Amino acid sequence: MSNPAIPLNDAPSQVRDLVVIGAGPAGMAAALAAQRRGLDVLLLDEQPQVGGQIYRSITQTDAQRERILGADYVYGKSLADQVRASGLTHWAGASVWQIDPDKTVHVLRNDRTTRIETKSLVIATGAMERPFPVPGWTLPGVMTAGAGQILLKNAAVVPQVPVVLAGCGPLLYLLAAQYLRAGVEIRAVLDTSAGTDWRLAIRHASSLLAGWGYVRKGLGLLREIKSAGIPFFKDVGGLRIEGEDAVRQVRFTSAGHSQQIDCELVLLHQGVVPNTQVSWSLRAEHHWDDEQLCWLPVLDSWGQTSLPGIYIAGDGAGIGGALVAEMQGALAGIGVANSLGFGTSEDGAQQRAQIAQHLRIRPFLNQQYRPKDEFRIPADEVVVCRCEEVTAGAIREQVQLGCVGPNQTKSFSRCGMGPCQGRQCGLTVTEIIAKEANLPPQEVGYYRIRPPLKSLSLAQLAAGV
């Protein structure tokens with residue numbers, strides 16, 4: 001379905017006070033906070049409705065899907081209702097393909113490009129699933145758990161064949177529970193985490209008590225899975241997905257024993273990481289986080305990047321979950337209002353205290369679900385760049401020839417130059433080079449991201465205004 005024509009009052013010559021990219025919890029909260037303080041706000045998102053990935057299709061879901069997806073998903077309705085009632089200008093189906101240093105935002109919408117000038121920018125593009133490069137992960141019949149959940153949220157589509165879920169992290173357990181409620185047959189759950197580390201739990205006892213609400217939800221999901229009698233393998237290693245032209249089986253070890261399961265569908269997941277493509281394209285400062293094993297943008301106390309007037313809120317600033325994203329969005333919206341002279345005496349202290357309270361459990365979760373090295377830094381034969389079919393071994397050979405960073409792998413092999421523009425392989429390439437060259441990831445760096453951030457045709461570009 002095409003989007004309505006861009007209204008005249010959205011002409012590109014108009015300078016907005018604030019443009020928010022992403023209509024998930026952080027983006028919606030930032031836009032609402034800024035608008036309530038008098039700013040002229042434009043909210044952009046690629047999807048046809050607000051909600052982002054976490055609350056995807058929340059405005060068009062039904063009672064059955066609400067029961068399956070759970071109360072945390074349904075909570076998103078209240079935020080979406082606030083956006084609808086606010087009268088915010090929301091451009092659905094708007095894909096941001098370039099941002100200039102002066103904060104001009106280039107958007108593809110309705111098959112034509114347009115540009116928007118703005119005084120401030122909030123990037124709320126959320127998270128993406130961490131790459132899970134194991135042998136066979138490119139076979140037909142292998143998907144990410146996140147993709148499986150999107151199909152459920154978006155179109156009530158669920159697997160019609162028995163599924164194997166493999167990996168670690170809360171989303172894996174959540175999807176397993178949601179599939180069970182939807183009547184999906186789960187052949188097995190392969191948990192790649194090492195199980196509960198009681199010494200770690202004792203060390204983080206105060207954090208666990210502070211975040212007891214999250215712990216209780218996690219335990220409830222595990223009880224739901226185990227009470228259904230689903231085979232649950234712990235401390236999984238050596239995971240291989242096998243088949244000639246599609247998935248036929250998975251092989252792995254668990255508790256020192258070799259296992260094999262026949263299957264046609266495998267969903268992989270080992271946590272989420274911030275989606276930093278936009279902030280890298282702007283040349284904002286980033287640092288490597290050894291706990292979350294990913295890049296994080298450098299931000300001030302309001303969420304402002306190293307570039308004045310450009311803020312990041314939500315999981316794109318660091319993984320914290322939907323509620324933290326909403327709070328960070330509100331904080332960024334207040335920060336923008338203050339910086340443009342719309343603020344009052346708000347110092348954001350209340351929001352920061354709430355955020356800190358919800359994040360107290362993160363150090364435990366980061367360690368409990370830390371992906372194993374073998375699933376982040378794969379063996380030579382494993383394809384790392386799916387777009388250009390570059391293996392881990394090829395990257396190691398390039399390092400031996402003098403390659404010192406991800407950008408040079410582009411010259412050697414086109415690694416990271418396919419349609420996904422490095423989103424699927426960027427972290428893996430950084431870690432392979434770091435280990436092979438015995439350098440810290442911070443020194444190895446990341447791809448130099450260039451526009452277009454999203455694919456567009458020459459015809460669409462020529463149709464721009």
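Here, the structure is the one placed above.
All figures in this text were calculated on a predicted structure; none of them were measured in a lab.

*Asks:* Explanation requested: helix H5 (residues 145-155) in the structure shown.
*Replies:* Every α-helix carries 3.6 residues per turn, so stepping three or four residues along brings you back to the same face. Taken residue by residue, H5 has Ala-145, Gly-146, Gly-148, Gln-149, Leu-152 and Lys-153 as its buried positions. Seen from one end, H5 has its buried residues packed into an arc of 160 degrees, which puts them on one side. Structurally, H5 contributes buried residues whose contacts are with helix H2 (63-69), helix H3 (71-74), strand E7 (127-129), strand E8 (142-144), helix H6 (170-181) and strand E15 (265-270). Following H5 by one or two positions, Ala-156 adopts a phi angle in the positive range, close to 55 degrees.

*Asks:* So what exactly am I meant to see when it comes to the state of the cysteines here?
*Replies:* The term disulfide refers to a covalent linkage connecting the sulfur atoms of a pair of cysteines. If you walk through the whole model with that rule in mind, you get zero disulfides. Left unpaired, Cys-415 is separated from the closest cysteine sulfur, that of Cys-425, by 4.4 Å. The structure places no disulfide on Cys-420, whose sulfur is separated from the nearest cysteine sulfur, that of Cys-387, by 3.8 Å.

*Asks:* In this structure, what is going on with the packing of aromatic side chains? I would like to understand it.
*Replies:* Tallied over the entire structure, the rule returns nine aromatic pairs. Relative to Phe-252, the ring of Phe-233 has its centre 5.1 Å away and its plane inclined at 75 degrees; by these criteria the two rings are edge-to-face. Of this pair, Phe-233 sits in strand E11 (residues 232-233) while Phe-252 sits in strand E13 (residues 249-254), and the two are 19 residues apart along the sequence. Relative accessible area serves as the criterion here: at 19%, Phe-233 is assigned to the buried category. Plain terms: the ring middles of Trp-288 and Trp-295 are 5.3 Å apart, the flat faces sit at 80 degrees to each other, and that makes the pair edge-to-face. The ring of Trp-302 is capped by Arg-352, whose NZ or CZ atom sits 4.5 Å from the centre of that ring.

*Asks:* Mind showing me how you'd approach a nonpolar patch on the surface here?
*Replies:* Together, Tyr-75, Tyr-214 and Leu-323 give the surface a local cluster of nonpolar side chains, amounting to about 240 Å² of exposed area. For Tyr-75, the position within the fold is in the loop between H3 and helix H4 (76-86). By relative accessible area, Tyr-75 is classed as partly exposed at 36%.

*Asks:* So what exactly am I meant to see when it comes to the sheet that holds E13 here?
*Replies:* What links the strands of a sheet is backbone hydrogen bonding, and the strands pair in either a parallel or an antiparallel sense. The three strands lie next to each other as E12-E13-E14, forming an open sheet whose pairing is antiparallel. The outermost strands of the open sheet, each flanked by one partner alone, are strand E12 (236-242) and strand E14 (257-262). Averaged over neighbouring strand pairs, the angle between their axes works out to 15 degrees when direction is ignored. Of the pairings in the sheet, the one linking E12 to E13 comprises five bridges and is antiparallel in character. Within E13, the position partnered with Ile-241 by the bridge is Val-250.

*Asks:* How should the pairing of strand E17 (residues 286-289) be read in this particular structure?
*Replies:* Consecutive residues of a regular strand have side chains that alternate between opposite faces of the sheet. Sheet topology note: the E17/strand E18 (residues 294-297) ladder contains four bridges and is antiparallel. Counterpart to His-287 in the pairing with E18 is Leu-296.

*Asks:* Whenever I open this one, the packing of helix H1 (residues 25-36) against helix H11 (residues 322-339) confuses me. Can you help?
*Replies:* Viewed as axis vectors pointing N to C, H1 and H11 meet at an angle of 30 degrees, and their least axial separation amounts to 7 Å. By the angle class used here, H1 and H11 are roughly parallel. With respect to the hand of their crossing, H1 and H11 are arranged in right-handed fashion. Facing Pro-25, Ala-26, Ala-29, Ala-30, Ala-33 and Ala-34 of H1, the residues of H11 in contact are Ala-322, Ala-325, Glu-326, Gly-329, Ala-330, Gly-333 and Ile-334. Among the residues making up the contact of H1 with H11, the classes are represented as ten nonpolar, two polar and one charged.

Rules used in this analysis
Residues numbered from 1 in each chain as written. Predicted model: local features only at pLDDT ≥ 70, side-chain atom pairs only at ≥ 80, totals over all residues. Heavy atoms only, no water. Buried < 20%, exposed > 50% of the residue type's maximum accessible area, 1.4 Å probe, protein only. Helix = DSSP H or I, 4+ residues; strand = E, 2+ residues; numbered from the N terminus. Arc of directions from axis to C-beta. Contact = heavy atoms within 4.5 Å. Disulfide = S-S within 2.5 Å. Phe/Tyr/Trp six-rings, centres within 6.5 Å; stacked < 30°, edge-to-face > 60°. Lys NZ or Arg CZ within 6 Å of the ring centre and 35° of its normal. Patch = residues over 30% accessible without salt bridge, like charges linked within 9 Å, V, L, I, M, F, W, Y side chains within 5 Å. Areas by Shrake-Rupley, 256 points an atom, 1.4 Å probe, with all protein chains shown as cover. Salt bridge = Lys/Arg side-chain N within 4 Å of Asp/Glu carboxyl O. Pairing = 2+ DSSP bridges. Axes fitted to C-alpha atoms, helices over the stretch in contact; angles between N-to-C directions. Parallel < 35°, antiparallel > 145°, perpendicular 65-115°, else oblique. Left-handed = near helix turned anticlockwise from the far one by under 90°. Nonpolar A, V, L, I, M, F, W, Y, C, P; charged D, E, K, R; others polar.

Geometric descriptors of this kind do not, in isolation, establish any biological role.
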